[in-house]
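Architecture at a glance
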Amino acid sequence: MIPTTILTGFLGAGKTTLLNRLLKEPHGHRIAVIENEFGAENIDNEILVQDSNEQIVEMNNGCICCTVRGDLISALSTLAIKRNAGELQFDHVVIETTGLANPGPVAQTFFMDEEVSLHYMLDAVITIVDAKHGMQQLDDREEAQRQVGFADRILLSKTDLCSPEEVAQLTARLKRINPRAPISSNSLDGMPISGLLDLRGFNLNDKLDIDPDFLAEAEHVHDEHCGHDHGHEHEHGEHCNHHDHHNHTDDIAAFVFRSQRPFDTARLDNFLGGLIQVFGPRMLRYKGILYMQGADRKVVFQGVHQTMGSDIGAPWLEHEERGSKMVFIGVNLPQDVFLQGLEQCLV
């Protein structure tokens, strides 16, 4: 299985800067870069072969540049065939999406296409955000929000053109959209290439990182503004929409469900299946570590749009506090429907 990274980011964010490093720098990794657009944002023209039918160019540093003139599935299949035949050597693939692309369909390719899923494993979605223009892009373009929502890691570029206050404001907004993606403000020129590979951000595993500030903020809003009856304990503090407490209201946002009570398997399966049927196109990313009734191991689930997978995770340790934690990132999702429905699936 060849680990694959999807690199996305709005127009002008800095994807070309990073791709040029992958293709030119002597970093010691053998990476196949799939570049899928021509124009002002493209890799330097001398790197690409634009006047022949050849689509794959080998670089001096051991990397490969593959220009996609047709279908992404065909490009991935061609690379895999040449690798298996010993004609090409690479151990990681980086796919650059166009600046206006929704990464969702690209990510789904790795689960929906049998030929691709046979050879490739989706490692992570990395999104570059232009710190100088990011706020305006998030205001104006849903594509920019989608790119952030899909991210397993977010890289801020052009932070040297911003004040610390501007960077902090943008970072806070990105965390509200996607609390599970670590944010790095290192220069794209100085970031170690190894820090972008083998992140396992898309793999099913029993690790679910959610920004703790996001959870604390959500619980604060729950306590201060929700008006629930507090005569009994709420095990998750995210029932309320807290956009009104910020300067920006984004169509794409995240919310978290947590509980120490176990799930009933049949009820949860039915409910999640219904959610995907009704809201699947608006569910960008979702992932959870689940505590199931009668199970001595964790259950891990995640999905993209209507594609959902689950697996058995690590055993619950003897002194470990058992509980479920789930994060949903989507477009105008009805938070109360999700959270109240999940609560109905608890034992």
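Remember, it's a predicted structure, so these values are computed and weren't measured experimentally. (Residues numbered from 1 in each chain as written. Predicted model: local features only at pLDDT ≥ 70, side-chain atom pairs only at ≥ 80, totals over all residues. Heavy atoms only, no water.)

**Concerning the overall build of the protein chain**
The test is simple: Secondary structure elements follow DSSP: runs of H or I of four or more residues count as helices, runs of E of two or more count as strands, with numbering from the N terminus. It only takes one pair of heavy atoms within 4.5 Å for two residues to be counted as in contact. Per-residue accessibility takes into account occlusion by the displayed protein chains alone, with areas from the Shrake-Rupley method and a 1.4 Å probe.
In terms of regular secondary structure, the protein chain is built from 10 helices and 13 strands. Contacts in the protein chain between residues far apart in sequence, at least 24 positions, make up 76% of those at least 6 positions apart. Of the roughly 15,600 Å² of accessible surface on the protein chain, a fraction of 47% belongs to carbon and sulfur atoms.

**Brief notes about the environment of Val94**
Here is the rule: Each residue gets one of three labels from its accessible area relative to the maximum for its type: buried under 20%, exposed over 50%, partly exposed in between, using a 1.4 Å probe on protein chains only.
The topology assignment puts Val94 in strand 5 (residues 92-96). A relative accessible area of 4% means that Val94 is categorised as buried. As a C-alpha pair, Val94 and Ala32 span 62 residues in sequence and 6.2 Å in three-dimensional space. Aside from chain neighbours lying at most four places away, what touches Val94 is Thr5, Leu7, Leu19, Leu22, Ile31, Ala32, Val33 and Ile34.

**Considerations on the sheet that holds strand 6 (residues 120-130)**
Sheet strands associate in pairs through backbone hydrogen bonding, adopting either a parallel or an antiparallel arrangement. Which entries qualify depends on this criterion: Two strands make a pair as long as DSSP finds a minimum of two bridges between them. Lines fitted to C-alpha atoms define the axes, with helix axes restricted to the stretch in contact, and inter-axis angles between N-to-C directions lie between 0 and 180 degrees.
Pairing within the open sheet is mixed, and its eight strands lie in the order 3-4-2-5-1-6-7-8. In this open sheet, the two edge strands, each paired with only one partner strand, are strand 3 (56-58) and strand 8 (183-184). Of the strand pairs in this sheet, strand 2 (residues 31-35) and strand 5 are connected by four bridges, and their pairing is parallel. Paired with Ile31 across the two strands is His92, which belongs to strand 5. Against the sheet, helix 3 (residues 103-112) touches strand 1 (2-9), strand 5 and strand 6, its axis set at about 170° to strand 1. Across the sheet, helix 7 (residues 164-177) is in contact with strand 6, strand 7 (153-157) and strand 8; its angle to strand 7 comes to roughly 160°.

**A short note on the pattern of salt bridges**
Our working rule: The rule for a salt bridge is simple: a side-chain nitrogen of Lys or Arg has to be within 4 Å of a carboxyl oxygen of Asp or Glu.
Across all of its chains, the model carries 14 salt bridges by this definition. In this structure, the salt-bridge partner of Arg173 is Asp139, at a minimum N-O distance of 2.8 Å. Remark: Asp139 occurs in helix 5 (residues 134-140) and Arg173 occurs in helix 7; sequence separation between them is 34 residues. We classify Arg173 as buried; its relative accessible area is 0%. Overall, the relative accessible area of 40% leaves Asp139 in the partly exposed class. With its nearest N and O atoms 2.9 Å apart, the salt bridge here joins Glu143 to Arg141. Since its relative accessible area comes to 21%, Glu143 is described here as partly exposed. Within the structure, one salt-bridge network assembled from shared partners comprises Asp139, Arg173 and Asp250.

**What to know about unusual backbone geometry**
Backbone geometry places Lys158, a non-glycine residue, at a positive phi of 60°. Here Lys158 falls in the partly exposed class, since its relative accessible area comes to 30%. Positive phi, normally seen in glycine, also occurs at Arg200, with a value near 60°. Given the relative accessible area of 38%, Arg200 is considered partly exposed.

**What about the pairing of strand 4 (residues 64-67)?**
Of the two faces of strand 4, the one holding Ile64 and Cys66 and the one holding Cys65 and Thr67 are both buried throughout. Looking at chain direction, strand 2 and strand 4 are connected through four bridges and run parallel. Each bridged residue has a counterpart across the sheet, and for Ala32 the counterpart in strand 4 is Ile64. For strand 3 and strand 4, the ladder comprises three bridges, and the chain directions are antiparallel.

**With respect to the nonpolar core**
Rules: As used in this record, nonpolar core signifies buried Ala, Val, Leu, Ile, Met, Phe, Trp, Tyr and Cys residues forming a set joined through side-chain atoms within 4.5 Å.
With 56 residues, the main nonpolar core has Ile34, Leu76, Leu79, Val93 and Tyr120 as its most contacted residues. Setting aside its immediate chain neighbours within four residues, Val93 contacts Ile2, Pro3, Thr4, Thr5, Ala32, Ile34, Leu76 and Tyr120. Of all hydrophobic cores here, the second largest spans 23 residues; its members include Val299, Phe301, Leu342 and Leu346.

**So, the packing of aromatic side chains**
Note the following rule: Whether two aromatic rings pair depends on their centres lying within 6.5 Å, for rings of Phe, Tyr and Trp, where Trp uses its six-membered ring; planes under 30 degrees apart make the pair stacked, over 60 edge-to-face, and the rest tilted. Charges are assigned to positions over rings by a cutoff of 6 Å between ring centre and Lys NZ or Arg CZ, combined with an angular limit of 35 degrees from the ring normal.
Overall, the coordinates contain nine aromatic pairs when judged by the stated rule. Pairing Phe111 with Phe202 gives two aromatic rings, centres 5.9 Å apart and planes at 35°, and the pair type is tilted. Here Phe111 is found in helix 3, whereas its partner Phe202 is found in the loop between strand 8 and helix 8 (212-225), with 91 residues between them in sequence. With a relative accessible area of 40%, Phe111 lands in the partly exposed category. Owing to a relative accessible area of 4%, Phe202 belongs among the buried residues under this scheme. Taken together, the aromatic side chains of Phe255, Phe279, Tyr286, Phe301, Phe328 and Phe338 make up a single cluster linked through ring pairs. The ring of Phe90 is capped by Arg83, whose NZ or CZ atom sits 5.5 Å from the centre of that ring. Looking at Arg285, its charged tip hangs above the ring of Phe202, at a distance of 3.7 Å from the centre.

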